[in-house]
Amino acid sequence: MTDQDWLRFDFFPAGSELIAQGRNAGGSIMVLKEGEVEVIRDGRFVSTIKQPGAIFGEMSVLLERPHSATVRAVTDVQLYVIDDALRVLEAHPAWLLQIARLLAQRVNTTTAQLVALKSKDGGDDDDVLVLPTNVFSSWADPQI
């Protein structure tokens, strides 16, 4: 893999759909260079993003599932597209760590919002995140 064969620049005019909820990722992650996008899930507005460096499509790539939300250009948008993102991330583990940190921040924010909602509703379900067996079984712990 050469330094830049996995990276391309793309442009979307305002109103364009960058990512469609339910569509397969195709293995690409997008990185915002300039512009503003909105995120919509199940027809409901989630957020507006305009910070350069924001990424889109990483959950679909990492989970190997269709996109969980639609991303639409609010203004003209310039971005970088990382094709065959899993291969690129395997070759650049520091980038993978940064994406993991970003996802942890999102989980933290979402959990705080969920706690606030449950406090209003009085609900107390105990959801737990668990690593798949194939992950921790490779750690060579004789007790596993």
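Above: the structure in question.
To keep things clear, this report deals only with the structure shown in the data block. Computed from a prediction, not measured in an experiment: that's the story for all the values here.

**Side note on the overall build of the chain**
Right, on to step 1. Within the chain, the secondary structure is distributed over four helices and eight strands.
Right, on to step 2. Listing the helices and strands of the chain from first to last along the sequence gives β-β-β-β-β-β-α-β-β-α-α-α.
Right, on to step 3. Expressed as a percentage of its 144 residues, the buried residues of the chain come to 26%.
Right, on to step 4. Sequence separation of at least 24 residues holds for 75% of the intrachain contacts in the chain that already meet a minimum separation of 6.

**Remarks on the pattern of salt bridges**
Right, on to step 1. Evaluation of the coordinates by the stated rule reveals six salt bridges.
Right, on to step 2. Between Arg8 and Asp10 there is a salt bridge, with its nearest N and O atoms 3.2 Å apart.
Right, on to step 3. Residue classification places Asp10 among the partly exposed residues on the basis of a relative accessible area of 23%.
Right, on to step 4. The residue Arg8 makes a salt bridge to Asp83 at a minimum N-O spacing of 2.9 Å. With Arg8 in strand β1 (residues 7–12) and Asp83 in the loop between β8 (77–82) and α2 (85–91), this pair connects stretches of sequence that are 75 residues apart.
Right, on to step 5. We classify Asp83 as partly exposed; its relative accessible area is 25%.
Right, on to step 6. In this structure, a network of salt bridges that share partners links the residues Arg8, Asp10 and Asp83.

**Digging into the sheet that holds β8**
Right, on to step 1. Strand order in the open sheet formed by four strands is β1-β8-β3-β6, with antiparallel pairing between adjacent strands. The strands lining the two open edges of the sheet, one partner per strand, are β1 and β6 (55–56).
Right, on to step 2. Pairing geometry for strand β3 (residues 29–34) and β6, over two bridges, is antiparallel. Residue pairing for β6: Met30 is matched across the bridge by Phe56.

**Focus on the side chain of Ser60**
Right, on to step 1. Position of Ser60 among the secondary structure elements: in helix α1 (residues 58–63).
Right, on to step 2. For Ser60, a relative accessible area of 6% puts it in the buried group.
Right, on to step 3. In terms of polar contacts, Ser60 uses its side chain to reach the backbone carbonyl oxygen of Arg65, at 2.3 Å.

**Remarks on the nonpolar core**
Right, on to step 1. Grouped together as the largest cluster of nonpolar side chains are 15 residues, with contacts concentrated most on Leu18, Met30, Phe56, Val71, Val77 and Leu79.
Right, on to step 2. Elements that contribute at least two residues to this core include exactly β2 (17–19), β3, β4 (37–41), β7 (70–73) and β8.
Right, on to step 3. In contact with Val77, not counting residues within four places along its chain, are Asp10, Phe11, Phe12, Leu18, Leu32, Glu34, Gly35, Glu36 and Val37.
Right, on to step 4. Counting residues in hydrophobic clusters, the runner-up holds 10 residues, among them Ile29, Val31, Val61 and Ile99.

**Side note on a nonpolar patch on the surface**
Right, on to step 1. Residues Met59, Leu62, Leu63, Leu86 and Leu96 make up a contiguous nonpolar surface patch of roughly 380 Å² in combined accessible area.
Right, on to step 2. Ranked by residues supplied to the nonpolar patch, first place goes to α1 with three residues.
Right, on to step 3. Mapping Met59 onto the fold places it in helix α1.

**As for the side chain of Ser28**
Right, on to step 1. Along the chain, Ser28 turns up in the loop between β2 and β3.
Right, on to step 2. The exposure class assigned to Ser28 is buried, which follows from its relative accessible area of 15%.
Right, on to step 3. Only 2.9 Å separates the side chain of Ser28 from the side chain of Asp83, close enough to count as a polar contact.
Right, on to step 4. Setting aside residues no more than four positions away along its own chain, Ser28 makes contact with Gly57, Val61, Val81, Ile82 and Asp83.

Criteria and cut-off values
- Residues numbered from 1 in each chain as written.
- Predicted model: local features only at pLDDT ≥ 70, side-chain atom pairs only at ≥ 80, totals over all residues.
- Heavy atoms only, no water.
- Helix = DSSP H or I, 4+ residues; strand = E, 2+ residues; numbered from the N terminus.
- Buried < 20%, exposed > 50% of the residue type's maximum accessible area, 1.4 Å probe, protein only.
- Contact = heavy atoms within 4.5 Å.
- Salt bridge = Lys/Arg side-chain N within 4 Å of Asp/Glu carboxyl O.
- Pairing = 2+ DSSP bridges.
- Polar contact = N/O pair within 3.5 Å; in protein donor to acceptor, adjacent residues only side chain to side chain.
- Core = buried A, V, L, I, M, F, W, Y, C linked by side-chain atoms within 4.5 Å.
- Patch = residues over 30% accessible without salt bridge, like charges linked within 9 Å, V, L, I, M, F, W, Y side chains within 5 Å.
- Areas by Shrake-Rupley, 256 points an atom, 1.4 Å probe, with all protein chains shown as cover.

The analysis is restricted to geometry; functional conclusions fall outside its scope.
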